[in-house]
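An overview of the molecular structure
The chain contents come next:
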Amino acid sequence: MSLNPDAILYYSTHPVEFVEDIIRAKPDARQKDMLQSVADNPLTSVRSGHGVGKSAVESWLISTRPYPKIPCTAPTKHQLYDILWAEVSKWLRNNPVLENDILWTQEKVFMKGYREEWFAVARTASKPDALQGFHAEHVLIDEASGVEDKVFEPILGALSTEGSRLFMAGNPTRLTGFFFDSHHKNRAQYNTLHIDGRESSRVDDAFIH
């Protein structure tokens, strides 16, 4: 089977099937909620505890949009490369479908033959100009609570294309800021999800208590 544009177009509205059919993973109920939210909504904001599998969801989402240009960002290099980007590599590695079509490098994932048109790149959100001038259709933000507000300005500017998507997730560590506002005063603009670790089959009860 080949991950061709027609298949990607179908899976862009059926991301849970993509994860099950192509990645061959078994998302739990809350991971399915996150995946489907991106298919159904332009803006998704997820606040959650640790260990609920949001980094896995983010790595899966990278491959579910047709001809995307996806900047993936996080507050620190550790979070971006050691956790999120490593998670992307994990799911691509030794996958008989994806390994033929998607190439992974230290900073970029791209569809073979479409390096400049169909890709995701890692950009640390440590500077306000990290995403400046990046005309992307989809943006993925990990640990969004730790990203400074000034970084979000070019992100919002990049989402002017019809059909664009923003997915941001993180632990609610701050009581102010862009991510906090997405769950409060700006909540009407987003599909918001709150994933309690007690609801996740991936979090050990001993960790919660």
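Residue indices follow the written sequence of each chain, beginning from 1 at its first position. Since the coordinates come from a predicted model, pLDDT governs what is reported: local features require at least 70, and pairs of side-chain atoms require 80 or more to be given and counted, while whole-chain, interface and lining totals use all residues. As a rule here, side-chain values cover all heavy atoms of the structure and leave hydrogens and water aside.

1. Remarks on the overall build of the chain
Regarding its fold elements, the chain presents 9 helices and 8 strands. Here the chain holds 209 residues, and the buried ones make up 53% of them. By definition in these notes, contact holds between two residues if any of their heavy atoms fall within 4.5 Å. Counting contacts in the chain only where the partners sit at least 6 residues apart, residues at least 24 apart contribute 68% of the total. Calculation of accessible area relied on Shrake-Rupley with a 1.4 Å probe; when residues are assessed, cover is drawn exclusively from the protein chains displayed. Of the accessible surface of the chain, which amounts to about 10,200 Å², a share of 48% is contributed by carbon and sulfur atoms. Strands here mean DSSP runs of E at least two residues long; helices mean DSSP runs of H or I at least four residues long; both are numbered from the N terminus. Partly exposed residues are those whose accessible area sits between 20% and 50% of the maximum for their type, while under 20% is buried and over 50% is exposed, using a 1.4 Å probe and protein chains only.

2. Thoughts on the packing of helix H2 (residues 15-23) against helix H3 (residues 29-40)
Axis definition: a line fitted to C-alpha atoms, over the contacting stretch in the case of helices. Angles run 0 to 180 degrees between N-to-C directions. It is at 8 Å that the axes of H2 and H3 come closest, and there the two elements cross at 125°. Taken together, H2 and H3 sit at an angle that is classed as oblique. Residues Pro15, Val16, Val19 and Glu20 of H2 form the contact with H3, whose own contacting residues are Lys32, Leu35, Gln36 and Ala39. Put simply, angles under 35 degrees are roughly parallel, angles over 145 are roughly antiparallel, angles from 65 to 115 are roughly perpendicular, and the rest are oblique.

3. Concerning the packing of H3 against helix H4 (residues 54-61)
It is at 10 Å that the axes of H3 and H4 come closest, and there the two elements cross at 35°. Viewed along their axes, H3 and H4 form a crossing whose handedness is right-handed. Of the residues in H4, those touching H3 at Gln31, Met34, Leu35 and Val38 are Lys54, Ala56, Val57, Trp60 and Leu61. Counted by class, the contact of H3 with H4 contains 7 nonpolar, 1 polar and 1 charged residues. Less than a right angle of anticlockwise turn of the near helix away from the far helix marks a crossing as left-handed, whereas a clockwise turn marks it as right-handed. Here the term charged refers only to Asp, Glu, Lys and Arg, the term nonpolar to Ala, Val, Leu, Ile, Met, Phe, Trp, Tyr, Cys and Pro, and the term polar to all other amino acids, Gly among them.

4. Structural notes on unusual backbone geometry
Positive phi is not limited to glycine here, since Arg24 has a value of about 65°. By secondary structure assignment, the location of Arg24 is in the loop between H2 and H3.

5. Remarks on H4
An α-helical turn contains 3.6 residues, so any two residues separated by three or four positions project in the same direction. Taken across its 8 residues, H4 has 8 buried, putting it largely inside the fold. Looking only at H4, the buried set comprises Lys54, Ser55, Ala56, Val57, Glu58, Ser59, Trp60 and Leu61. Packing partners of the buried residues in H4 comprise H2, H3, strand S1 (43-48), helix H5 (77-92), strand S6 (138-142) and strand S7 (165-170).

6. Focus: the sheet that holds strand S3 (residues 102-104)
Spatial strand order, S3-S4-S5-S2-S6-S7-S1-S8: 8 strands in an open sheet with mixed pairing. One side of each edge strand has no neighbouring strand; the edge strands of this open sheet are S3 and strand S8 (191-195). Taking each pair of neighbouring strands and ignoring which way they run, the sheet shows an average axis angle of 15°. The strands touched by H5 within the sheet are strand S2 (69-74), S3, strand S4 (108-111), strand S5 (119-124) and S6, with S5 carrying the most contacts at an inclination of about 160°. Pairing between strands requires that DSSP locate at least two bridges from one strand to the other.

7. Some remarks on the pattern of salt bridges
Salt bridge, as applied in this entry: a Lys or Arg side-chain nitrogen positioned within 4 Å of an Asp or Glu carboxyl oxygen. On inspection of all chains with the given rule, the structure shows 7 salt bridges. For Arg30, the salt bridge is made with Asp33, and the minimal N-O distance between the two is 2.8 Å. Of the two residues, Arg30 and Asp33 both sit in helix H3, 3 residues apart, roughly one turn of that helix. For Arg30, a relative accessible area of 17% corresponds to the buried category. Judged by its relative accessible area of 34%, Asp33 is partly exposed.

8. Here we look at the confidence of the model for the chain
In this model, the chain carries a mean pLDDT of 84, and residues with pLDDT of at least 70 account for 87%. pLDDT measures the predictor's confidence residue by residue and takes values from 0 up to 100. In the model of the chain, helix H9 (residues 205-208) stands out as the element of lowest mean pLDDT, 40, in contrast to S8, which has the highest, 96.

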